[in-house]
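Given next are the chains, with one letter for each unit.
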Amino acid sequence: MSPRPGFVLEVDRSTPPTLFWHGEEFSLERLPTGSRVVYGPEPLAPLADPVGSIRDALLHPLGDAEPLPALLRPGMRLTIAFDDVSLPLPPMRRPDVRQLVIEQVLDLAAEAGVDDVVLIAALALHRRMTEAELRHALGDRVYDAFAPYDRLRQHDAEDPDGMTHLGHTEQGEDVEINRRAAESDLLVYVNINLVAMDGGHKSVATGLASYRSLRHHHNARTMQHSRSFMDQHHSELHSSNWRMGRHIAASGVKVFQIETTLNTDTFPEQFRFLQRREWEWTMRDRASFLAASASLERAPVRIARQILHGVRAPHALTSVQAGEVEAVHARTTEHVYAQQRVVVEGQTDILTMGLPYICPYNVNSIMNPILVACLGLGYFFNLYTGKPLVREGGVLILHHPTPNEFHPGHHPSYIDFFEQVLTETTDPVEIGKYEESFATDPWYVHLYRTGHAYHGVHPFYMWYWCAHALDHLGAVIVVGGERESVRRLGFKRASTMADALEMAQDVVGPDPSLTHLHAPPLLLADVR
Amino acid sequence: MSPELPAAVRRAVGGVRRARPSGFPWSAPSWPGGVERPAPAREVGVDYDTDWSRRYPARLVRAMVLDNVTRPMTHVLATPTVVGREVLELVELPAIFVANHSSHLDTPVLLSVLPARIRHKTVVAAAADHFFDRRWKAHLWALSLAAVPIERHRVNRRSADVAAALVEDGWNLVIYPEGGRTPDGWFQEFRGGAAYLAARTGRPVVPVHLEGTYRILPKGADRPRRHPVRVTFGTPMTLDDGEDARRFGTRIEATLGVLADEAGSDWWTARRRAAGGTTPSAHGPDATDWRRVWALGPPRPDDDDERRWAIRRD
């Protein structure tokens, strides 16, 4: 049976309660009659022969690119960059799609007699990956062949000798990327396109860039003018990256882009209920839900977190494209839309969403309050094309415990940002005045370069990510959130969903319309 | 809650308190009015998948039940007398066992008299609408008797395909061509399924006549009564050159009639009557219901519980 498309349910009296994520736990909420629940399309069928499809894509590239074997020759410098641990979510079961692609690229390089090959994790300002994470993404075979000889590297945006300034775009934006990538005869970028924002010129222009370059589009103004950043035609973030990408190409950096899309088969069998529509839950789904929710609720948070971060998604490859960046990305975006797009008629007064335990920046880590805000207001709020799901001045209700808890190794600058910056202001534009001091703080730079810490400026980016939503919304209410954390974020707290709806009516008026974004599976609302 | 308890304990107890074992998800969800309810996936009847019942764990359980429960009970209830079982030494397996059908006891009796090498590699064609209409029944019969669902009221390609595939896969098949138990002890009209399967698979048919099971548990009875049973195996049959399934079916029916005659007389008498075309009809007299039952005659004289179990005092 072919997968069913996305669907908007109108809640009636016989609709069972709706599942909300609540951090490491779940909650079933009975939504008011007349509410809408947006369900994403079911996972698309995977490619029958992923390895064959990858090989085919490398041999038959899109755009004006030559087949990969024709670009490889003895004596050349080949760099293979790949997306970091932030993709996909949750991490996929082995073999990771990056491993499948990179192994084939390396096979071709070996056949062509290329000796000088370096792999680079395109971290941008993210934390460095651990050995286990690299092994998971690349496979043991690749790791063992490259890591011992310093041929497997992680992008270091603060390495003074490791970056190359390629000049400025026509709008004066600095373009500075990884030196090894810039000076290679061929840069192969291996991407995972989980959402429409990923990929394209953003892969190199962001993934291999420095703070000096990123600051031109990772700022409040750009985010406020990206409506949404999942919609390429209305995203300033996209436009800036495209300008930089074209400048990189014009500077002589030859990029062979390989993009992959995955289906939304997000959770394994024991968590299958998460991506099923509630009224279709079988006895097994209900038993799984009861068992999972009871276990997670009663386990210490640390254990619950460990269980959930141990989940490996059964994501499967639905397409692979290779060749010239823009031609590749146009085809990739079609595949992403085919998997995620749902048509929704009209906006809503109140938008609700349950936030899970994971976002791109806390894989194997803690979802701190800033990341909660970023996931809700940055990512989920922006899962639209056309118009936001919630009307201007509307209310966003998030479901998350929002504990005041930070991973000191991964997010050291977040702690100071939370304690020092958000206590002063939550205005994304105003916080910009503190950005430079965090970005250039030698301690944060040291931790970023030598430990597994996100760059000092990263919490600012998370807050900028919220800029469009903060600009658009009348109020943000967090159900079940920790009082002090929620207040620090500038949001309101409610104990229950009923309380939150009462509070929301103070903002949007009586008899509001309500829409719930049900994820997983991940979706992109095409609001008309 | 005592404040000195560890946080994990407080969370655990709190979780128990909050649990309300009623309503969704403790019970099945209701269906939203605005969502079209799809036709329920048929997982019973002819669509029931019995593959699991032929895997080794299920076969092991079935073998233990058949050998240690079903056979002893059958021998207590039916004390079967088996005639002609030696033909099974000559038949090329897998084979299709075709029998008349009088009682739910027919299958346990037949399986219990088959040699172990055949018994544990045999599936039974069972009415999909009766034995597979509920999941628990489907599980029970698939496990205990290796039953496979067969559509008996109309031609069903899936039923035929499943049965043929099993035979081709090396499984012996027990099938009752009457399609259901006799209401009065006499043969009913035979259907063509058994002959069709034999023609399709090229496997031999072993005709089996069961006499006496009707007296133990006839259709409509709610408890069994003990009665001796006679099981008569006929010579394995295969399609003759140029013979079609319909004619083969007629020949199977006639052979079972001869075996029924043999059960009521003796082998030589039955053979002579068959050769002379004077085999009595196993379908019984064309008369009203009580006369048909009357024509069956009295139960076998050793159907006497008191006598069987009486303490001989002399």
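Conventions adopted
- By convention here, each chain's residues receive numbers from 1 onward along its written sequence.
- In the order they appear in the text, chains get letters beginning with A and ligands get numbers beginning with 1.
- Given that this is a predicted model, residues contribute local features only at a pLDDT of at least 70 and side-chain atom pairs are listed and counted only at 80 or more, while totals for whole chains, interfaces and linings are drawn from all residues.
- A run of DSSP states H or I qualifies as a helix once it reaches four residues; a run of E qualifies as a strand once it reaches two. Both are numbered from the N-terminal end.
- As defined in this context, the radius of gyration uses C-alpha atoms, and a globule is described by 2.2 Å times the residue total to the power 0.38.
- In this scheme the burial state of a residue depends on its C-beta neighbours within 10 Å: 20 or more other such atoms mean buried, 12 or fewer mean exposed, and anything in between means partly exposed; the C-beta positions come from the backbone.
- Think of it this way: build a C-beta for each residue from its backbone, and any pair within 7 Å is a contact.
- Known as pLDDT, the predictor's per-residue confidence is scaled from 0 to 100.
- Residues are sorted three ways: Asp, Glu, Lys and Arg are charged, Ala, Val, Leu, Ile, Met, Phe, Trp, Tyr, Cys and Pro are nonpolar, and all the rest, Gly among them, are polar.
- At least two bridges found by DSSP between two strands is the condition for calling them paired.
- Lines fitted to C-alpha atoms define the axes, with helix axes restricted to the stretch in contact, and inter-axis angles between N-to-C directions lie between 0 and 180 degrees.
- Orient the strands so they point away from the viewer; a crossover is then right-handed if the path from the first strand over the helix to the second runs clockwise.
- For the purposes of this analysis, a nonpolar core is taken to be any set of buried Ala, Val, Leu, Ile, Met, Phe, Trp, Tyr and Cys residues that are connected through C-beta atoms within 7 Å.
- What sets the label is the angle itself: under 35 degrees gives roughly parallel, over 145 gives roughly antiparallel, 65 to 115 gives roughly perpendicular, and the rest give oblique.
- By convention the crossing between two helices is left-handed if the near helix lies anticlockwise of the far one by an angle smaller than a right angle, and right-handed if it lies clockwise.

1. With respect to the overall build of chain A
Phase 1: A tally of regular secondary structure across chain A gives 21 helices and 20 strands.
Phase 2: For a compact globule of 528 residues, the expected C-alpha radius of gyration is about 24 Å, and chain A comes in at 22 Å, within 12% of that figure.
Phase 3: The principal-axis extents of the C-alpha atoms in chain A amount to approximately 70 × 55 × 45 Å.
Phase 4: Per-residue burial for chain A yields a buried fraction of 58% across its 528 residues.
Phase 5: In chain A, the proportion of contacts linking residues at least 24 apart, taken out of those at least 6 apart, comes to 80%.

2. Section: the confidence of the model for chain B
All names here are of chain B.
Phase 1: Overall, the predicted model of chain B reaches an average pLDDT of 83, with 86% of residues at or above 70.
Phase 2: The model gives residues 12-19 a pLDDT under 50, and that stretch makes five contacts with residues more than four places away or in other chains.
Phase 3: Low pLDDT, under 50, characterises residues 303-314; the predicted model gives this stretch five contacts beyond four residues in sequence or across chains.
Phase 4: Interface confidence for the predicted complex, expressed as ipTM, amounts to 0.84; the pTM equals 0.73.

3. Here we look at the interface of chain B and chain A
Phase 1: At the junction of the two partners, chain B supplies 13 residues and chain A supplies 18 residues.
Phase 2: Broken down by class, the residue content of the side of chain B that touches chain A amounts to eight nonpolar, four polar and one charged.

4. A look at unusual backbone geometry
Phase 1: Put simply, A:Leu87 and A:Pro88 share a cis peptide bond, and its omega is -15°.
Phase 2: Among the structural elements, A:Pro88 can be located in the loop between strand 5 (77-83) and helix 3 (97-112).
Phase 3: Cis peptide bonds are those with omega within 30 degrees of zero, and the linkage from A:Ala519 to A:Pro520 qualifies with 0°.
Phase 4: Tracing the chain through its elements places A:Pro520 in the loop between strand 19 (514-518) and strand 20 (524-527).
Phase 5: One non-glycine residue with positive phi stands out, namely B:Thr79, at about 30°.
Phase 6: Among the secondary structure elements, B:Thr79 is positioned in the loop between helix 2 (56-78) and strand 1 (81-83).
Phase 7: If you check the backbone angles, B:Ala146 has positive phi at about 55° while not being a glycine.
Phase 8: Mapping B:Ala146 onto the fold places it in the loop between helix 6 (135-145) and strand 4 (147-150).
Phase 9: By C-beta crowding, B:Ala146 is classed as buried, having 28 other C-beta atoms within 10 Å.

5. Focus: the sheet that holds strand 13 (residues 341-344) of chain A
Residue and element names in this part refer to chain A.
Phase 1: Taken in spatial order, the three strands make up an open sheet running 13-20-15, and their pairing is parallel. Each of the sheet's edge strands pairs with one partner strand only, and the pair in question is strand 13 and strand 15 (384-386). On average, each strand axis in the sheet is inclined to that of its neighbour by 25°, with strand direction left out of account.
Phase 2: As defined by bridge partners, strand 15 adjoins strand 20 across three bridges and the pair is classed as parallel. In the strand pairing of strand 20, Tyr384 is matched with Ala525.

6. Here we look at the pairing of strand 6 (residues 116-122) of chain A
Residue and element names in this part refer to chain A.
Phase 1: Of all the seven residues making up strand 6, five are buried; the element is thus mostly covered by neighbouring parts of the structure.
Phase 2: Relative to strand 6, strand 5 is paired through seven bridges, and the arrangement is parallel. Within the sheet, the bridge partner assigned to Leu78 lies in strand 6 and is Val117.
Phase 3: Where the polypeptide runs from strand 5 across helix 3 and back to strand 6, its parallel neighbour, the crossover connection is right-handed.
Phase 4: The pairing of strand 6 with strand 7 (residues 152-154) spans three bridges and is parallel. Bridge pairing in strand 7 links Ile120 to Arg153.

7. Observations regarding the sheet that holds strand 2 (residues 96-99) of chain B
Residue and element names in this part refer to chain B.
Phase 1: Across the sheet, seven strands lie side by side as 1-7-6-2-5-3-4; this open sheet has mixed pairing. On the outer flanks of this sheet lie strand 1 and strand 4, each paired with one strand and no other. Ignoring strand direction, the axes of neighbouring strands in this sheet form an average angle of 25°.
Phase 2: Contacts from helix 8 (residues 193-201) reach strand 2, strand 5 (172-175) and strand 6 (205-211) within the one sheet, and its direction differs from that of strand 2 by about 165°.

8. A short note on the nonpolar core
If you look at soluble globular proteins, the nonpolar side chains tend to sit buried side by side.
Phase 1: Among the nonpolar cores identified, the biggest contains 171 residues, and A:Ile80, A:Cys374, A:Leu396, A:Ile477 and A:Ala525 are the most heavily contacted of them.
Phase 2: Looking at this core, the element that brings in the most residues is helix 14 (residues 369-380) of chain A, giving nine residues.
Phase 3: Leaving out residues up to four positions away in the same chain, A:Leu396 has contacts with A:Leu351, A:Gly376, A:Leu377, A:Phe381, A:Val390, A:Ala469, A:Leu473 and A:Val476.
Phase 4: Ranked by size, the runner-up nonpolar core spans 64 residues in total, among them B:Leu110, B:Ile150, B:Val162 and B:Val208.

9. Observations concerning helix 3 (residues 106-113) of chain B
Phase 1: The buried count for helix 3 of chain B comes to eight of eight residues, which makes it a mostly enclosed element.
Phase 2: Those residues of helix 3 of chain B that fall on the buried side of the exposure criterion are B:Asp106, B:Thr107, B:Pro108, B:Val109, B:Leu110, B:Leu111, B:Ser112 and B:Val113.

10. As for the environment of B:Val44
All names here are of chain B.
Phase 1: Residue position: Val44 is located in the loop between helix 1 (7-18) and helix 2.
Phase 2: The spatial distance from the C-alpha of Val44 to the C-alpha of Ala128 is 8.0 Å, given a sequence separation of 84 residues.
Phase 3: If we skip the residues at most four places from it in the chain, Val44 touches Phe132, Asp133, Arg134, Arg135 and Ala138.

11. Examining the pairing of strand 19 of chain A
Residues and elements named next belong to chain A.
Phase 1: Taken across its five residues, strand 19 has five buried, putting it largely inside the fold.
Phase 2: Neither face of strand 19 is open: one carries Leu514, His516 and His518, the other Thr515 and Leu517, and all of them are buried.
Phase 3: As judged from the four bridges shared by strand 4 (residues 36-39) and strand 19, these two strands associate in the parallel manner. Bridge pairing in strand 19 links Arg36 to Thr515.
Phase 4: Bridge count between strand 14 (residues 348-356) and strand 19: four bridges; the pairing is parallel.

12. Some thoughts on the environment of A:Val188
All names here are of chain A.
Phase 1: If you trace the backbone, Val188 turns up in strand 10 (residues 186-193).
Phase 2: Judged by the 29 C-beta atoms lying within 10 Å of it, Val188 falls in the buried class.
Phase 3: For the pair Val188 and Leu119, spaced 69 residues apart in the sequence, the C-alpha separation amounts to 9.4 Å.
Phase 4: Once you skip the residues sitting within four places of it in the chain, Val188 turns out to touch Leu78, Ile80, Val105, Phe256 and Ile258.

13. Thoughts on the packing of helix 1 (residues 50-59) of chain A against helix 3 of chain A
Residues and elements named next belong to chain A.
Phase 1: Following both chains from N to C, one finds helix 1 and helix 3 inclined at 50°, their axes separated by 10 Å at the closest point. Taken together, the axes of helix 1 and helix 3 are oblique relative to one another. At the point where helix 1 passes helix 3, the crossing takes the right-handed sense. Across the interface between the two elements, Pro50, Val51, Ile54, Arg55 and Leu58 from helix 1 touch Leu100, Val101, Gln104 and Leu108 from helix 3.

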